[in-house]
Amino acid sequence: QVQVVESGGGLVQAGGSLRLSCAASGNTFSIMSMGWHRQVPGKQRELVASITSAGSTNYAVSVKGRFTISRDNAKNTVYLQMNSLKPEDTAVYYCNINQKLLGLSWGQGTQVTVSS
């Protein structure tokens, strides 16, 4: 079984920055993609950004140019650098990893709050 643990959330003013980290441990066999989703109450969880093992990235339109996803394959860790934060970025951010044959695993989530 794999464990996925996020860190780095918090409260920041609009225009500020935060860096989220997510580490996978345990059975980390064949991790393909890693990514971040976010969710606000009453809405569906939405993709923020993802990155493949080869480094190809994908971003939601709403964060493109402001957020940067990166990963350290040796540490099974993925990062999300969030700049120019807006109040509408407020959400619980969830990390996920996608493993060959095992599918998706999720972290417990970390709260990001952006004040205006």
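A short tour of the structure in this document, coming up. Note that the structure is a prediction, hence the values are computed from the model and not measured.

### Some remarks on the overall build of the protein chain
A count of helices and strands for the protein chain gives zero helices and 11 strands. Beginning at the N terminus, the succession of helices and strands in the protein chain can be written as β-β-β-β-β-β-β-β-β-β-β. A compact globule built from 116 residues should have a C-alpha radius of gyration of about 13 Å, and the protein chain, at 14 Å, falls within 12% of that. Projected onto the principal axes, the alpha-carbon positions of the protein chain cover approximately 40 × 25 × 20 Å. Residues classed as buried in the protein chain amount to 41% of the 116 residues present. Restricting the contact set of the protein chain to residue pairs at least 6 apart, pairs at least 24 apart contribute 54%. By element, 50% of the accessible surface of the protein chain is carried by carbon and sulfur atoms, the whole surface being about 6,100 Å². Computed over 10 positive and 5 negative side-chain charges, the separation of the two mean positions in the protein chain equals 5 Å.

### Notes on the sheet that holds strand 7 (residues 67-72)
In spatial order, the strands read 1-3-8-7; together these four strands make up an open sheet with antiparallel pairing. Lying at the two open borders of the sheet, with one neighbouring strand each, are strand 1 (2-7) and strand 7. When strand polarity is set aside, the average angle formed by the axes of neighbouring strands in this sheet is 15°. Two strands pair when backbone bridges link them, and strand 1 and strand 3 (residues 18-26) are joined in this way by six bridges, in the antiparallel orientation.

### Thoughts on the pattern of salt bridges
Scanning the entire structure with this criterion turns up three salt bridges. Between R38 and E46 there is a salt bridge, with the nearest N and O atoms lying 2.7 Å from each other. A salt bridge links D89 to R38; the shortest N-O distance between them is 3.0 Å. Of this pair, D89 sits in the loop between strand 8 (77-82) and strand 9 (91-99) while R38 sits in strand 4 (residues 31-39); the two residues are 51 residues apart in sequence, bridging distant segments of the chain. No difference in accessibility class separates D89 from R38, as the two residues are buried. Taken together, the shared-partner salt bridges connect R38, E46, R66 and D89 into one network.

### Focus on the packing of aromatic side chains
As enumerated under the stated definition, the model contains zero aromatic pairs in all. Directly above the aromatic system of Y94 lies the positively charged group of R45, at a separation of 3.7 Å from the ring centroid. Positioned above the aromatic ring of W106, the side-chain terminus of R45 is 4.7 Å from the ring centre.

### A closer look at the nonpolar core
W36, L80, M82 and Y93 are the most contacted members of the largest nonpolar core, which has 28 residues in total. Look past the residues within four positions of L80 in its chain and what remains in contact with it is L18, R19, L20, W36, V48, A49, F67, T68, I69 and Y93.

### Quick word on the environment of G55
Position of G55 among the secondary structure elements: in the loop between strand 5 (46-51) and strand 6 (57-59). Looking at G55, the relative accessible area reads 40%, which means it is partly exposed. Considered as a pair, G55 and S84 are 29 residues apart in the sequence and their alpha carbons are 23 Å apart.

### Structural notes on unusual backbone geometry
With a phi close to 50°, S84 is a non-glycine residue in the positive phi region. In this structure, L101 takes a positive phi of about 75° despite not being glycine. For L101, the position within the fold is in the loop between strand 9 and strand 10 (103-106).

About the criteria used
- Residues numbered from 1 in each chain as written.
- Predicted model: local features only at pLDDT ≥ 70, side-chain atom pairs only at ≥ 80, totals over all residues.
- Heavy atoms only, no water.
- Helix = DSSP H or I, 4+ residues; strand = E, 2+ residues; numbered from the N terminus.
- Rg over C-alpha atoms; globule rule 2.2 N^0.38 Å.
- Buried < 20%, exposed > 50% of the residue type's maximum accessible area, 1.4 Å probe, protein only.
- Contact = heavy atoms within 4.5 Å.
- Areas by Shrake-Rupley, 256 points an atom, 1.4 Å probe, with all protein chains shown as cover.
- Lys, Arg positive; Asp, Glu negative; His and termini not counted.
- Charge placed at Lys NZ, Arg CZ, Asp CG, Glu CD.
- Pairing = 2+ DSSP bridges.
- Axes fitted to C-alpha atoms, helices over the stretch in contact; angles between N-to-C directions.
- Salt bridge = Lys/Arg side-chain N within 4 Å of Asp/Glu carboxyl O.
- Phe/Tyr/Trp six-rings, centres within 6.5 Å; stacked < 30°, edge-to-face > 60°.
- Lys NZ or Arg CZ within 6 Å of the ring centre and 35° of its normal.
- Core = buried A, V, L, I, M, F, W, Y, C linked by side-chain atoms within 4.5 Å.

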